[in-house]
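Residue-level structural notes
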Amino acid sequence: MALITGGGTGLGLATAQRLARRGYSLVLASRSPAHLAAGARALRRRGAEVLTVPTDIREYDQVVALVDRVAEQFGRLDVLVNNAAGNFIVPTEKLTPNGWRAVVGIVLDGTFYASRAAFPLLRRAPRPSIVNIAASYAWLAGPGTAHSAAAKAGVVALTRTLAVEWARYGIRVNAVAPGPIRTSGTDRQLWNDRTLVARVTRGIPLGRFGRPEDVAAAIDFLVGPDASYITGEVLTVDGGQWLGHGVMELLPSLPHRRRQQNP
Ligand code: NAP
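Let me sum up the structure you'll find in this document. (Residues numbered from 1 in each chain as written. Predicted model: local features only at pLDDT ≥ 70, side-chain atom pairs only at ≥ 80, totals over all residues. Heavy atoms only, no water.)

Looking at the overall build of the chain
Definition in use: Secondary structure elements follow DSSP: runs of H or I of four or more residues count as helices, runs of E of two or more count as strands, with numbering from the N terminus. The classification of residues rests on relative accessible area computed with a 1.4 Å probe and restricted to protein chains. Under 20% of the type maximum is buried, over 50% is exposed, and intermediate values are partly exposed. Contacts were defined at the residue level, with two residues in contact if any of their heavy atoms lie within 4.5 Å. Working definition of accessibility: Shrake-Rupley area with a 1.4 Å probe, residue cover restricted to the visible protein chains. Note that His is not counted, nor are the chain ends; the positive residues are Lys and Arg, and the negative ones are Asp and Glu. A single reference atom marks each charge: NZ on Lys, CZ on Arg, CG on Asp, CD on Glu.
Within the chain, the regular secondary structure consists of nine helices and seven strands. When the backbone C-alpha atoms are referred to their principal axes, the chain occupies close to 60 × 40 × 40 Å. By residue count, 52% of the 263 residues in the chain fall in the buried class. Across the chain, every contact between residues at least 6 apart in sequence was considered, and the portion connecting residues at least 24 apart equals 73%. Counting only carbon and sulfur atoms, one obtains 53% of the accessible surface of the chain, whose full area is about 13100 Å². Positive and negative side-chain charges of the chain, numbering 31 and 19 respectively, have mean locations separated by a distance of 5 Å.

This is the structure we're talking about:
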């Protein structure tokens, strides 16, 4: 069974759908009952067993209660995906301490809280695994993302530390670092400007934005048997964006540059 924080929307829901196809039962946890209900409806339509637990991941007591519900209902936990996040673009000189705390609280505290609370249940599973969702801007230094980038960099550090500490319990801990992914949420908030979308696309060597399914496929791989010897890894899913950073602008005039077709 798999627990996905923020599993009612975006990448979390795409991951839930992917894992449901693999036969996992799912627990979705986030604050909004409406997000959870919509996610659960989409999953149940395809026959998945789903439990939703309204949870604010910043509150450790709520996270402990969430894991208790999982234990009660399923008696096991095989996969934890720490996906919940909050973010907004803001120049650091305008970022308030509250804004900083909110984002770091969800992303970094939330990842620690869920991992810590889930540990006793996870360690009893036959092939337990955690996947944390980081972001390539943790090391790309994207302007306006200081709070989120710092929190995601912390998530990467936590991933590697827990991978080493919890290997003795058989728990693998990995991360996926998405680049720009288009979801209905990011289309509304971020990618609603065609010029910006075109500009970002030009900076992606594979020539397209990522889709939630690209991230879900990476998570599916990391929790599956083919990744049984992989732990502490950060798998970047960004079409090569961070490697080509700053240089891609030079390429459009070269004849061999070809946009990747959506698979
Ligand atoms: P999203 O749809 O906004 O997902 C964020 C989820 O987190 C929501 O379901 C939200 O649900 C939940 N959440 C927020 N605050 C919470 C809290 N305090 N407690 C519990 N749950 C909370 O965004 P997304 O694009 O799918 O992002 C998913 C993950 O991918 C995040 O970790 C994000 O940083 C990462 N990522 C995304 C991109 C991208 O381009 N989309 C790029 C890099 C990394 P509620 O509102 O119901 O609480």
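Comments concerning helix H9 (residues 212–223)
Since the α-helix advances by 3.6 residues per turn, residues separated by three or four positions end up pointing in the same direction. In plain terms, the rule: Each helix should span, by expectation, one fewer than its residue count multiplied by 1.5 Å.
Between its first and last C-alpha atoms H9 spans 17 Å; for 12 residues at 1.5 Å apiece the expected length is 16 Å, and the two agree. Within H9, nine of the 12 residues are buried, which leaves it mostly tucked inside the rest of the structure. Along H9, the residues that are buried comprise Pro212, Asp214, Val215, Ala216, Ala218, Ile219, Asp220, Leu222 and Val223. Buried residues in H9 make contact with helix H1 (10–21), strand S4 (79–82), strand S5 (129–133), strand S6 (172–178) and strand S7 (234–237).

Details of the packing of helix H4 (residues 97–122) against helix H6 (residues 146–166)
What counts, and what does not: For helices, the axis comes from a line fit to the C-alpha atoms of the stretch in contact; other axes are also lines fit to C-alpha atoms, and the angle between any two N-to-C directions lies between 0 and 180 degrees. When describing relative orientation, an angle under 35 degrees is termed roughly parallel and one over 145 degrees roughly antiparallel, while 65 to 115 degrees is termed roughly perpendicular and anything else oblique. By convention the crossing between two helices is left-handed if the near helix lies anticlockwise of the far one by an angle smaller than a right angle, and right-handed if it lies clockwise.
Where H4 contacts H6, the two axes come as close as 8 Å, and the packing angle between them is 15 degrees. As summarised for this structure, H4 and H6 are arranged roughly parallel, according to the angle between their axes. Judged by the twist between their axes, the crossing of H4 over H6 is right-handed. Here Gly99, Trp100, Val103, Val104, Val107, Leu108, Thr111, Phe112, Ser115, Arg116 and Phe119 of H4 come into contact with H6, specifically with Ala146, His147, Ser148, Ala150, Ala151, Lys152, Gly154, Val155, Leu158, Leu162 and Trp166.

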